Amino acid sequence: MKELKEEELKEIQGGGISIGSCLLIIAGVTFVVGFIDGIVRPLKCN
């Protein structure tokens, strides 16, 4: 195993998920759950 120097460590790019991507996924899941709930259990507007 090769030991990396500090400069080489700073150049490494990770594959992490950004906050925007996380919020987009959560919004999509919320929409799908609400859509399915609306089809399965339709409620009248008051």
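Residues numbered from 1 in each chain as written. Predicted model: local features only at pLDDT ≥ 70, side-chain atom pairs only at ≥ 80, totals over all residues. Heavy atoms only, no water.

Enquirer: Can you break down the overall build of the protein chain residue by residue, with the values?
Expert: Check the secondary structure of the protein chain and you find two helices and zero strands. With respect to the principal axes defined by its C-alpha atoms, the protein chain has extents near 65 × 20 × 10 Å. Considering the protein chain as a whole, with its 46 residues, one finds that 0% of them fall into the buried category. Total accessible area on the protein chain stands at roughly 4,900 Å², and carbon and sulfur atoms take up 66% of it. Here the protein chain contributes 5 positive and 6 negative side-chain charges, whose respective centroids are spaced 15 Å apart. (Helix = DSSP H or I, 4+ residues; strand = E, 2+ residues; numbered from the N terminus. Buried < 20%, exposed > 50% of the residue type's maximum accessible area, 1.4 Å probe, protein only. Areas by Shrake-Rupley, 256 points an atom, 1.4 Å probe, with all protein chains shown as cover. Lys, Arg positive; Asp, Glu negative; His and termini not counted. Charge placed at Lys NZ, Arg CZ, Asp CG, Glu CD.)

Enquirer: How would you summarise the environment of Gly14 if you had to cite specific residues and measurements?
Expert: Here Gly14 lies in the loop between α1 (6-10) and α2 (19-40). The exposure class assigned to Gly14 is exposed, which follows from its relative accessible area of 72%.

Enquirer: Now, about a nonpolar patch on the surface: what can you tell me, with residues and values included?
Expert: Together, Phe31, Val32, Phe35, Ile36, Ile39 and Val40 give the surface a local cluster of nonpolar side chains, amounting to about 650 Å² of exposed area. Along the polypeptide, Ile36 turns up in helix α2. The exposure class assigned to Ile36 is partly exposed, which follows from its relative accessible area of 45%. (Patch = residues over 30% accessible without salt bridge, like charges linked within 9 Å, V, L, I, M, F, W, Y side chains within 5 Å. Salt bridge = Lys/Arg side-chain N within 4 Å of Asp/Glu carboxyl O.)

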